[in-house]
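These are the residues of each chain, in order.
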Amino acid sequence: MPKIVLFGATGYTGRLTAEALIGRGAAPVLAGRDGTALEKLAADLGGADTAVADVTDPGSVRALLDRGDVLVTTVGPFLRYGGPALAAALAAGAHYFDSTGEGPFIRRVFDRDEQAREAGAGLVSAFGFDYVPGNLAAALALAEAPDAVRADIGYFMAGPGTSGGTRASMAGMLFESGFALRGGRVVPERTGARIRSFRVAGRPRTGVSIPGSEHLALTRSHPRLREADVFLGLPSAAARGLQAGSMLTSAIAQLDPVKRLAEGLLERVVQGSTGGPTPQARARTRSWAVAEVFDDTGRVLASVTLAGGDPYDFTGAILAWGAQTALDGGLRAAGALGPVDAFGLDALTAGAAEAGFSR
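Residues numbered from 1 in each chain as written. Predicted model: local features only at pLDDT ≥ 70, side-chain atom pairs only at ≥ 80, totals over all residues. Heavy atoms only, no water.

**Q** What is the right way to read the sheet that holds strand S5 (residues 95-98) from this model?
**A** Two orientations exist for strands paired in a sheet by backbone hydrogen bonds: parallel and antiparallel. On the basis of which strands lie adjacent, the open sheet formed by 7 strands has the order S3-S2-S1-S4-S5-S6-S15 and parallel pairing. Each end of this open sheet is capped by a strand with a single partner; those strands are strand S3 (50-52) and strand S15 (335-337). Pairwise comparison of adjacent strand axes, ignoring direction, gives a mean angle of 20° for this sheet. Two elements, strand S2 (residues 29-32) and S3, share 3 bridges in a ladder whose sense is parallel. Following the sheet pairing, Gly32 is matched in S3 by Val52. Across the face of the sheet, helix H1 (residues 12-23) comes into contact with strand S1 (4-7), S2 and strand S4 (70-73) while running at roughly 155° to S1. (Pairing = 2+ DSSP bridges. Helix = DSSP H or I, 4+ residues; strand = E, 2+ residues; numbered from the N terminus. Axes fitted to C-alpha atoms, helices over the stretch in contact; angles between N-to-C directions. Contact = heavy atoms within 4.5 Å.)

The following block contains the structure:
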């Protein structure tokens, strides 16, 4: 009988996802590399099946899955550790969800589209705060203005904390190539190449461009779209700093020996699996996703703002919703899918609202 497997269950985002799955009445198999930690988590949650698997032993990850299962993986940084789970899902013919915010890894998932179709598997990458709300906000705006040819999407937070895994993922992306949608095609573009302001919750907020799943997914439902940018909200000085820093790391990335040395240093300095914001801190956090769509003269045709609470809480909840919906036969297609492709606009709107993000 098909099942949900949660790989990385004892990590920060993994535990929140496990709690959300159990809260929905699901019966996930909790998987990870530390059997003792898994058993403790299972006991804390009132009981659950567990399985030991480690990305250093890809066969152990493949052994978690059968055809028709749903794999949810929160094991990051994904550029470093994400490959075995993706390969296992494809080999098994299992549906796949991950929590990555790493643009280069998302693109790797989309590059497996044909293989996923042949396997009958749905691959849904970046199915968390990165980048479900922006995909949804943009799709809602494009539904109001189907003739739009450009979309700008911004992600903003007030009072956020970050987990060790998030910091490790951000460090891992420093020397990777970014991308954007230009002329209807996804092309290389340096992270931080663009800065712009959005009006959010009554005041202007600065965003700096990053690679997201929107660049890869939105044109599937809206083939008229020619350009898209995704922006991460940061204080103006930090946005300018990221822009300047990305110019330096882009230059370093052209020199393989220097790049390898810098990546090795970062890997030792920036540790994952070091916990994250407390429940009290998460309760104080607010977040928004804003999408504006334009005609070919630059005129705004529609604007949609979605609001929610803490990004980690939303990620756990939406992953649980997506996994259960997929297990129940709610995926609309096989292949590498964006959030709207995977579930349809109405179902995704309802699922996001249930997970805490709504218009």
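Having seen the model, we can carry on.
**Q** What is the right way to read the environment of Ser60 from this model?
**A** Residue position: Ser60 is located in helix H3 (residues 58-62). Exposure remark for Ser60: the relative accessible area of 15% places this residue in the buried category. Taking the C-alpha atoms as reference, Ser60 lies 9.7 Å from Arg33; in sequence the two are 27 residues apart. Among residues more than four places away in sequence, those in contact with Ser60 are Val52, Ala53 and Asp54. For Ser60, the side chain forms a polar contact with the main-chain nitrogen of Asp54, separated by 3.0 Å. Reaching out from Ser60, the side chain makes a polar contact with the backbone oxygen of Asp57 at a distance of 2.6 Å. (Buried < 20%, exposed > 50% of the residue type's maximum accessible area, 1.4 Å probe, protein only. Polar contact = N/O pair within 3.5 Å; in protein donor to acceptor, adjacent residues only side chain to side chain.)

**Q** Can you help me understand the pattern of salt bridges in this one?
**A** Side-chain pairs of opposite charge can arise whenever the charged atoms involved come near each other. The full count for this structure, using the stated rule, is 20 salt bridges. We note a salt bridge from Asp152 to Arg196, for which the minimum N-O separation is 3.0 Å. Pair noted here: Asp152 is in strand S7 (residues 150-158) and Arg196 is in strand S10 (residues 195-200), with a separation of 44 residues, a long-range link. As far as burial versus exposure is concerned, Asp152 and Arg196 are alike and both buried. A salt bridge links Arg299 to Asp295; its shortest N-O distance comes to 3.2 Å. By relative accessible area, Asp295 is classed as buried at 15%. Each of the salt bridges in this network shares a partner with another, and the network as a whole consists of Arg182, Glu189, Arg194, Glu227 and Asp229. (Salt bridge = Lys/Arg side-chain N within 4 Å of Asp/Glu carboxyl O.)

**Q** Is there a simple way to explain the packing of helix H8 (residues 132-144) against helix H16 (residues 345-355) in this structure?
**A** For any two helices packed against each other, the geometry comes down to the angle between their axes and how far apart the axes lie. Direction vectors running N to C along H8 and H16 enclose 135°, while the axes themselves pass 11 Å from each other. The angle between the axes of H8 and H16 places the two elements in the oblique class. Here H8 and H16 pass one another in a crossing that is left-handed. On H16, the residues touching Val132, Leu136, Ala139, Leu140 and Ala143 of H8 are Leu345, Leu348, Thr349 and Ala352. (Parallel < 35°, antiparallel > 145°, perpendicular 65-115°, else oblique. Left-handed = near helix turned anticlockwise from the far one by under 90°.)

**Q** How do you make sense of the pairing of S5 when you look at a structure like this?
**A** Two faces belong to every sheet, and in a regular strand the side chains alternate between them. Burial along S5 is two-sided: the residues His95 and Phe97 and Tyr96 and Asp98 are all buried. Bridge count for S4 against S5 is 4 bridges, and the pairing is parallel. Counterpart to Leu71 in the pairing with S5 is Tyr96. One ladder, built from 2 bridges, connects S5 with strand S6 (residues 122-124); its direction is parallel. Of the residues in S6, the one forming a bridge with Phe97 is Val124.

**Q** Please clarify how helix H6 (residues 103-110) should be interpreted in this entry.
**A** Since the α-helix advances by 3.6 residues per turn, residues separated by three or four positions end up pointing in the same direction. Along H6, 6 of the 8 residues are buried, which leaves the element largely enclosed by surrounding structure. Among all positions of H6, only Gly103, Pro104, Phe105, Ile106, Val109 and Phe110 are buried.

**Q** Help me understand the packing of aromatic side chains in this model?
**A** Aromatic rings considered in pairs are described by the distance between their centres and by the relative angle of their planes. Counting across every chain of the model gives 12 aromatic pairs. A centroid spacing of 5.5 Å and a plane angle of 75° characterise the contact between Tyr131 and Tyr155, whose relative ring orientation is edge-to-face. Of the two residues, Tyr131 is situated in the loop between S6 and H8 and Tyr155 in strand S7; the sequence distance between them amounts to 24 residues. Assigned by exposure class, Tyr131 and Tyr155 land together as buried. Among the aromatic residues, those joined into a ring-pair cluster are Phe129, Tyr131, Tyr155, Phe314 and Phe357. Its guanidinium or amino end placed over the ring of Phe179, Arg107 lies 5.4 Å from that ring's centre, counting from NZ or CZ. One cation-aromatic arrangement involves Arg196 over Phe198; the distance from NZ or CZ to the ring centre is 3.8 Å. (Phe/Tyr/Trp six-rings, centres within 6.5 Å; stacked < 30°, edge-to-face > 60°. Lys NZ or Arg CZ within 6 Å of the ring centre and 35° of its normal.)

**Q** How do you make sense of unusual backbone geometry when you look at a structure like this?
**A** Note: most residues except glycine have negative phi, and most peptide bonds are trans. In this chain, Gly76 is followed by Pro77 through a cis amide linkage whose omega measures 0°. The backbone of Ala201 shows a phi angle near 50°, a positive value even though the residue is not glycine. Inspection of the secondary structure puts Ala201 in the loop between S10 and strand S11 (203-210).

**Q** Looking at this structure, how should I read empty space enclosed by the protein?
**A** By rolling a water-sized probe across the atoms, one finds the places where empty space is left. Under the criterion given, the structure shown has 2 cavities of 30 Å³ or more. Estimates place the volume of the largest cavity at around 50 Å³. Lining the largest cavity are Asn135, Ala139, Ala217, Leu218, Ser221, His222, Gly338, Pro339, Val340 and Asp341. Put simply, the parts of the chain that give the lining of the largest cavity at least two residues each are H8, helix H10 (214-221) and helix H15 (339-343). Partitioning the lining of the largest cavity into residue classes produces 5 nonpolar, 4 polar and 1 charged. Roughly 40 Å³ of volume is contained in the second largest cavity. Within the residue set of the lining of the second largest cavity, elements represented by two or more residues are strand S8 (179-182), S11 and strand S12 (227-233). Residue composition of the lining of the second largest cavity, by class: 5 nonpolar, 4 polar and 3 charged. (1 Å grid on protein atoms, 1.4 Å probe; cavity = no way out; pocket = protein on both sides within 12 Å on 5 of 7 lines; lining within 4 Å. Points joined across faces, edges and corners; volume = space filled by probe spheres on them. Nonpolar A, V, L, I, M, F, W, Y, C, P; charged D, E, K, R; others polar.)

No statement about biological role is implied by the geometric values presented.
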